[in-house]
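# Structural description and commentary
In case you want the letters, here they are:
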Amino acid sequence: MKEIKKVAIIGGCGHVGIPLGLALADRGFTVTLLDKNEKAVQLLNEGKLPFIEDGAEVLLRKYVNKTLFITMDPVCLKEQHCVIFVTGTPVDEHLNAKVHAVLDVVKEYLPLLTEEQLIVLRSTLYPGTVRIVENMLLRSNFKCKLAFCPERILQGKGIKEIFELPQLVSGCSEEAEKEASFLFGKVAKKIILLSPEEAELAKLMTNSWRYLEFAIANQFYMIAEAHGVDFYKVYNAMTDDYPRARHFPRPGLAAGPCLFKDTMQLASYHDNGFFLGHSAMLVNEGLPNLLVEQLAKKMGGSLKNKKIAILGMTFKANNDDIRESLSFKIRKLLEQKMAFVLPSDPYLKETLPLEKALEEAEGIIIGTPHDAYKELVLSVPFADCWGIIRKE
Ligand SMILES: NC(=O)c1ccc[n+]([C@@H]2O[C@H](COP(=O)([O-])OP(=O)(O)OC[C@H]3O[C@@H](n4cnc5c(N)ncnc54)[C@H](O)[C@@H]3O)[C@@H](O)[C@H]2O)c1
């Protein structure tokens, strides 16, 4: 086995690519991040991050232009021992996975790849995609070492988690599996070997499970609210010193680029027979509607011409990532009710400052449980499924 020393990451300036690239550089590899996002490439070359990622800036400054290179020029691929693909796998308007998106990216860079290289797919994949890519490569007379090693880090916490989580490794050949195990063995604390099909399902099921966990918390919240019961009193009673409910999540807007999409991919894979997954979608996607209804009720039934602030527009707390954030769905629903919407988020410059939003708002919906809202005492009606605003 030729030792892997140089690694390129295609889609390397995104949320998966940056933590992985930094982690590999920190373990002694020479890493090249290849991306089409000109702004992100420029920022990273200046030692700045395009988004919030805990612990990443220190590593970036340490390795950039030494053993970490960021470029838009695909020619860099030729000299690599390993090429990792982390570009996304979206779902279409019918919630089916766009498998061809993965094939297109691989085809795009194929002329620059060599058969000696280890090729790793790291995006979340629709089950069967690894074999489809393998088949496409074989049909192009390209016999490479193909592995699938899905990413499982938490948004914004990637640097910490990449070193702590076990890494799922699968290969289309023994050689691919061995080389991928070597590579990720330098970063992850444990390697778990699977077949490509098992790894694809393990990743999708992990995310679907999380989505379902949020859905049951949200459904319980909806049940309690519908019956005029204080859900958080119930929640605290359920989880207080009771080991079997220790991991019960709190209710909240279940959003972001992965959980919903991956649950729908699993449903589509099982011929839309993943009933719990679809039910979870109905509950989680219905929570914004409930919050708007709750607020309308507290404000006399109509939100027409009322100034309503949404506090928090990002999809998770204390982060600047707005991808698939349900706060934007709340905004749309409020607009349909003919309210004046005042979006505010301390992590998004283009939104209203908190003081201004609080000064003007006649009603408030908490979109994201940022720490900045924890001490707030609100004097106008509000809807807060997260339970972070203290009730006077
Ligand atoms: N964000 C997460 O925490 C996370 C965790 C686990 C798995 N995933 C999965 O990883 C995949 C990538 O997610 P992400 O969050 O990094 O997405 P992202 O949008 O943050 O990053 C994707 C990057 O790929 C680049 N790109 C797109 N097409 C390209 C091309 N043809 N050539 C070069 N660069 C290209 C984009 O410019 C972008 O920088 C998805 O399948 C996602 O489901 C994400």
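In every chain, residue numbers begin from 1 and rise along the written sequence. Local features in this predicted model are restricted to residues whose pLDDT is 70 or higher, and side-chain atom pairs enter the listing and the counts only when it is 80 or higher, whereas totals over whole chains, interfaces and linings include all residues. In computing side-chain values, all of the structure's heavy atoms are included and hydrogens and water are not.

This part covers the packing of helix H4 (residues 99-109) against helix H5 (residues 129-139). Axes here mean lines fitted to C-alpha atoms, for a helix over just the part in contact, with angles spanning 0 to 180 degrees between N-to-C directions. Secondary structure is summarised from DSSP: a helix means a run of H or I of at least four residues, a strand means a run of E of at least two, and numbering begins at the N terminus for each. At a minimum axis distance of 10 Å, the contact between H4 and H5 shows a crossing angle of 40 degrees. Seen from above, H4 lies across H5 with right-handed handedness. Each of Val99, Val102, Leu103, Val106 and Lys107 in H4 lies in contact with H5, whose residues at this interface are Thr129, Ile132, Val133, Met136 and Leu137. Residue polarity follows a fixed list, in which Ala, Val, Leu, Ile, Met, Phe, Trp, Tyr, Cys and Pro are nonpolar, Asp, Glu, Lys and Arg are charged, and the others, Gly among them, are polar. Among the residues making up the contact of H4 with H5, the classes are represented as eight nonpolar, one polar and one charged. Two helices that cross are described as forming a left-handed crossing if the nearer one is turned anticlockwise from the farther one by less than a right angle, and a right-handed crossing if clockwise. In what follows, residue pairs with any heavy atoms lying within 4.5 Å of each other are defined as contacts.

A separate point is the site of the ligand. With respect to spatial proximity, 24 residues lie near the ligand, and among them His15, Val16, Asp35, Tyr109 and Lys261 are the closest. Within 3.5 Å is the distance limit for a polar contact, defined as a pair of N or O atoms, with the added protein rule that one can donate a hydrogen and the other accept it, and that residues adjacent in sequence qualify only through two side-chain atoms. Within the side chain of histidine 15, an N or O atom sits 2.6 Å from an oxygen atom of the ligand. The Shrake-Rupley method, run with a 1.4 Å probe, gives the accessible areas here. Residue values count only the displayed protein chains as cover. For the ligand, whose free accessible area comes to 830 Å², the fraction covered by protein is 83%. Taken together, the residues of the shell around the ligand sort by class into seven nonpolar, ten polar and seven charged. Distances are taken per atom, and a residue is near a molecule or strand as soon as one of its heavy atoms is within 4 Å of it.

In summary, the pairing rule links any two rings of Phe, Tyr or Trp, Trp by its six-membered ring, whose centres are within 6.5 Å, and it sorts them by plane angle into stacked for under 30 degrees, edge-to-face for over 60 and tilted for everything else. With the rule as written, the count across this model stands at nine aromatic pairs. Three or more aromatic residues joined by ring pairs form one cluster here, namely Phe220, Tyr221, Phe231, Tyr232, Tyr235 and Phe248.

The rule for pairing is simple: two strands pair if DSSP sees at least two bridges between them. In spatial order, the strands read E10-E9-E11-E12; together these four strands make up an open sheet with parallel pairing. Every interior strand has two partners, whereas the edge strands, strand E10 (340-344) and strand E12 (382-383), have only one. Both strand E9 (residues 307-311) and E10 contribute to a ladder of five bridges, which runs parallel. Note on E10: the bridge partner recorded for leucine 311 is serine 344.

Moving on, we come to a nonpolar patch on the surface. Residues enter patches when their relative accessible area tops 30% and they take part in no salt bridge; the joining distance is 9 Å for like charges and 5 Å for the nonpolar side chains Val, Leu, Ile, Met, Phe, Trp and Tyr. Salt bridge criterion: a side-chain nitrogen from Lys or Arg within 4 Å of a carboxyl oxygen from Asp or Glu. Together, Ile216, Phe220 and Ile223 line one region of the surface with nonpolar side chains, adding up to about 230 Å² of accessible area. Looking at the element boundaries, isoleucine 216 is found in helix H8 (residues 196-226).

As a further point, take the packing of H8 against helix H11 (residues 275-298). Geometry of a packed helix pair, given as the angle between the helix axes and the separation of the axes. At a minimum axis distance of 9 Å, the contact between H8 and H11 shows a crossing angle of 45 degrees. On the basis of their axis angle, the class for H8 and H11 is oblique. Remark: the crossing between H8 and H11 carries left-handed chirality. Contacts between H8 and H11 involve Tyr211, Leu212, Phe214, Ala215, Asn218, Gln219, Tyr221, Met222 and Glu225 from the former and Leu276, Gly277, Ala280, Met281, Val283, Asn284, Glu285, Gly286, Leu287, Leu290 and Gln294 from the latter. Of the residues that constitute the contact of H8 with H11, the class distribution is twelve nonpolar, six polar and two charged. Oblique is the label for any angle not under 35 degrees, not over 145, and not in the 65 to 115 range, which are roughly parallel, roughly antiparallel and roughly perpendicular in turn.

The next point concerns H5. Note on exposure labels: buried denotes an accessible area under 20% of the residue type's maximum, exposed denotes more than 50%, and partly exposed covers the range between, all computed with a 1.4 Å probe on protein chains only. Within H5 the residues assigned to the buried category are Thr129, Val130, Val133, Met136 and Leu137. Down the axis, H5 shows its buried residues gathered within 125 degrees of arc, on one side only. Residues of H5 that are buried make contact with H4, strand E5 (118-121), strand E6 (145-148) and H8. Of the residues trailing H5, asparagine 141 is marked for its positive phi of about 60 degrees. It is the directions from the helix axis to the C-beta atoms that the arc portrays.

By way of backbone hydrogen bonds, the strands of a sheet pair with one another, either parallel or antiparallel. In spatial order, the strands read E3-E2-E1-E4-E5-E6-E7-E8; together these eight strands make up an open sheet with mixed pairing. Only two strands of the sheet have a single partner each, and these edge strands are strand E3 (68-71) and strand E8 (191-193). Across the sheet, the mean angle from the axis of one strand to that of its neighbour is 25 degrees, orientation sign disregarded. Relative to E8, strand E7 (residues 167-171) is paired through three bridges, and the arrangement is parallel. Residue leucine 168 lies in a different strand from E8, and its bridge partner there is isoleucine 192. The sheet contacts of H5 involve E5 and E6, and relative to E6 the element is tilted by about 165 degrees. Of the strands in this sheet, E6 and E7 are in contact with H8, which crosses E7 at around 150 degrees.

Let us now look at the domain arrangement of the chain. Domain delimitation in this document rests on an assignment produced automatically or drawn from a domain database. Along its sequence, the chain is organised into domain 1 (6-194) and domain 2 (228-383). If you average the C-alpha positions of domain 1 and of domain 2, the two centres end up 32 Å apart. Listed per partner, the contact involves 16 residues of domain 1 and 15 residues of domain 2. The buried area of a pairing is the accessible area, by a 1.4 Å probe, that goes missing from both parts when the two are put together, added over both. Both faces considered, domain 1 and domain 2 share a buried interface measuring about 1400 Å² in area, 55% of it formed by carbon and sulfur atoms. Inspection of the region where domain 1 meets domain 2 yields zero salt bridges.

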